[in-house]
Amino acid sequence: MPYPKRRQRNCKPSRLSLSDRLDVMNRLEMDFQQIFNAAPDIEASAPGRVNLLGEHTDYNDGFVLPTAIPQQTTVYVGHSPNDRHHFYSAELEEWADVSPSESSPQGFARYIYGCIRVLEQIGYSIPPINLFVTSSVPIGSGLSSSAALEVATLRGLRSLLNLNLDDVKIAQLGQQAEIQYASVSCGILDQMACSLADTEHMLFLDTRTLDRQLLPFPTGAEIVVIDSGVARSLADSSYNQRRAECEEAARQLGVKALRDVSDPQMAESLSDPLRKRARHVINENNRVLKVLEGVSAEAFGELMNASHASLRDDYEVSVPALDQLVDILQNTPGVFGARLTGAGFGGACVALVKGGAGKAIAETVLNHYNNAEHRGDTLVG
Ligand code: GLA
């Protein structure tokens with residue numbers, strides 16, 4: 001099969017008119033056609049997400065509060081003419097050819113292949129496919145580019161093969177693909193957000209029961225997301241270590257998971273670092289539950305500021321660039337509150353700001369933040 005070299009795509013959020021978007025879609029279908037010598041059978045998409053509160057709580061059976069972002073991952077899928085899967089990433093300009101019997105590939109292909117394998121594990125027979133992926137969700141910014149790819153892939157396979165999967169099952173399968181094929185012992189936050197959230201609401205989710213509610217944003221507020229320019233990698237980070245520490249803390253406190261503790265004083269019986277890890281998780285769960293009572297933009301902002309301090313001091317997943325960016329955000333007029341978002345160790349910060357002021361605030365903040373050391377960028381705002 002001839003594999004043409006592709007041009008780099010723009011990773012900015014789409015602000016195109018409907019007719020321009022149709023043009024882009026036609027062009028992408030043509031790209032699929034050029035690459036695979038056939039038209040795609042189906043197209044499916046999923047958004048990235050930003051988590052507003054409830055960080056590192058999901059693998060403790062706790063509470064989270066994400067929203068979808070405008071950036072999306074789209075897959076075009078068709079049947080492969082031979083006995084191999086063929087995947088192509090337009091942004092990375094990378095190919096992967098995988099035999100269904102091979103062990104897992106690396107890079108972007110492992111997420112797609114992981115989705116195929118977890119479907120097979122629950123009894124579906126997946127024929128060899130051609131899959132073309134294009135995405136505007138930034139990679140390595142803590143905005144769930146991998147979950148968006150998993151959910152888009154699973155939606156694509158659901159349509160192509162008429163699989164009986166609801167959106168919660170898709171999220172659970174995406175999480176399994178990530179755990180088994182990307183070696184990250186993640187919780188369910190990202191895949192549930194990419195599968196069930198929209199850009200108009202906050203998705204409150206109880207990660208133990210999967211009970212959920214779509215909530216309005218605080219009155220008079222909007223969100224801004226700024227990339228710190230410091231890329232992070234979950235697998236390279238101490239993510240799995242944090243998870244193990246929380247499990248040990250729960251064991252020592254005699255509970256199934258840290259979600260079962262609501263009084264932060266309980267953590268004081270542990271020794272460090274378990275004491276600090278447990279204190280973060282207990283306080284962070286309480287912050288998300290506070291939002292359910294209905295809070296003003298100012299009160300929500302204070303919860304975000306407290307969340308950042310806790311992630312920095314107790315959970316120890318911040319880095320100096322994130323602290324500086326959050327500090328600038330918190331001291332900019334019109335900002336109600338700001339924090340790092342996602343797993344930490346780099347990536348993006350999220351802020352709640354005065355409605356209508358997001359773009360101007362992001363520009364002011366980047367003027368302060370960007371210098372010889374930092375190259376931040378506005379992702380939402
Ligand atoms: C990553 C994981 C999620 C969650 C966050 C931290 O995004 O994939 O499951 O644990 O980190 O809140």
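This structure is a prediction, so every number in the text was calculated from the model and none was measured.

### Re the overall build of the protein
- Helix and strand counts for the protein come out as 10 helices and 11 strands.
- Here the C-alpha atoms of the protein give a radius of gyration of 21 Å, agreeing with the 21 Å that 2.2 N^0.38 yields for 381 residues.
- Viewed in the frame of its principal axes, the protein has a C-alpha envelope of about 60 × 50 × 40 Å.
- Per-residue burial for the protein yields a buried fraction of 57% across its 381 residues.
- Taking all contacts inside the protein whose residues are at least 6 apart in sequence as the whole, residues at least 24 apart take part in 71%.
- With an accessible surface of roughly 15500 Å², the protein has 47% of that area assigned to carbon and sulfur atoms.
- Across the protein, 34 positive and 47 negative side-chain charges occur, with their mean positions spaced 1 Å apart.

### Points about the packing of helix α4 (residues 167–181) against helix α5 (residues 189–196)
- Direction vectors running N to C along α4 and α5 enclose 145°, while the axes themselves pass 8 Å from each other. In the crossing of α4 with α5, the sense of the turn from one axis to the other is right-handed. Contacts from D167, V168, I170, A171, G174, Q175 and E178 of α4 reach α5 at Q191, M192, S195 and L196.
- Partitioned by chemical class, the residues of the contact of α4 with α5 number five nonpolar, four polar and two charged.

### Examining the domain arrangement of the protein
- By the assigned domains, the protein splits into domain 1 (18–206) and domain 2 (218–380).
- Facing 35 residues of domain 1, the contacting portion of domain 2 comprises 44 residues.
- Both faces considered, domain 1 and domain 2 share a buried interface measuring about 3100 Å² in area, 64% of it formed by carbon and sulfur atoms.
- Scanning the region where domain 1 abuts domain 2 turns up three salt bridges.
- Here K256 and D61 are joined by a salt bridge, their closest N and O atoms 3.6 Å apart.
- If you list the elements that add at least two residues to the side of domain 1 that touches domain 2, you get β1 (42–53), β2 (63–79) and β6 (202–206).
- With seven residues, the top contributor of residues to the side of domain 1 that touches domain 2 is β2.

### Considerations on unusual backbone geometry
- Note the cis peptide between D272 and P273, where omega equals 5°.
- Along the chain, the position of P273 falls in the loop between α6 (239–253) and α7 (274–292).
- In the Ramachandran plot, E93 falls in the positive-phi region, its phi being about 55° despite a non-glycine side chain.
- With respect to the helices and strands, the residue E93 is situated in the loop between β3 (85–89) and β4 (94–98).
- A positive phi angle is found at F345, which is not glycine, with a value near 60°.

### Side note on the packing of aromatic side chains
- In this structure the tally under the stated criterion is eight aromatic pairs.
- Both rings, one in F63 and one in F204, keep their centres 5.9 Å apart while their planes meet at 15°; by these two values the pair is stacked. One end of the pair, F63, is in strand β2; the other, F204, is in strand β6, and 141 residues separate them in sequence.
- Judged by relative accessible area, which is 9%, F63 ranks as buried.

### Re the site of the ligand
- Surveying the vicinity of the ligand reveals the residues R49, E55, H56, D58, Y59, C186, G187, L189, D190, Y239 and A343.
- Side-chain polar atom of E55 to an oxygen atom of the ligand: 2.6 Å apart, as the coordinates give it.
- Contact distances for the ligand include 2.6 Å between an oxygen atom and a side-chain N or O atom of D190.
- In isolation the ligand exposes 310 Å². Once the protein is present, 99% of that is buried.

### A word on helix α3 (residues 145–161)
- When the terminal C-alpha atoms of α3 are compared, their 24 Å separation across 17 residues agrees well with the 24 Å that a helix rising 1.5 Å per residue should span.
- Of all the 17 residues making up α3, 14 are buried; the element is thus mostly covered by neighbouring parts of the structure.
- A positive backbone phi angle near 55° is found at N162, which sits one or two residues after α3.

### Section: the environment of T73
- Tracing the backbone through its elements, the reader meets T73 in strand β2.
- Here S135 takes part through its side chain, which lies 2.7 Å from a polar atom of the side chain of T73.

So, how was this worked out
- Residues numbered from 1 in each chain as written.
- Predicted model: local features only at pLDDT ≥ 70, side-chain atom pairs only at ≥ 80, totals over all residues.
- Heavy atoms only, no water.
- Helix = DSSP H or I, 4+ residues; strand = E, 2+ residues; numbered from the N terminus.
- Rg over C-alpha atoms; globule rule 2.2 N^0.38 Å.
- Buried < 20%, exposed > 50% of the residue type's maximum accessible area, 1.4 Å probe, protein only.
- Contact = heavy atoms within 4.5 Å.
- Areas by Shrake-Rupley, 256 points an atom, 1.4 Å probe, with all protein chains shown as cover.
- Lys, Arg positive; Asp, Glu negative; His and termini not counted.
- Charge placed at Lys NZ, Arg CZ, Asp CG, Glu CD.
- Axes fitted to C-alpha atoms, helices over the stretch in contact; angles between N-to-C directions.
- Left-handed = near helix turned anticlockwise from the far one by under 90°.
- Nonpolar A, V, L, I, M, F, W, Y, C, P; charged D, E, K, R; others polar.
- Domains from an automatic or database assignment.
- Buried area = accessible area lost by both parts, 1.4 Å probe.
- Salt bridge = Lys/Arg side-chain N within 4 Å of Asp/Glu carboxyl O.
- Phe/Tyr/Trp six-rings, centres within 6.5 Å; stacked < 30°, edge-to-face > 60°.
- Near = heavy atom within 4 Å.
- Polar contact = N/O pair within 3.5 Å; in protein donor to acceptor, adjacent residues only side chain to side chain.
- Expected span 1.5 Å × (residues − 1).

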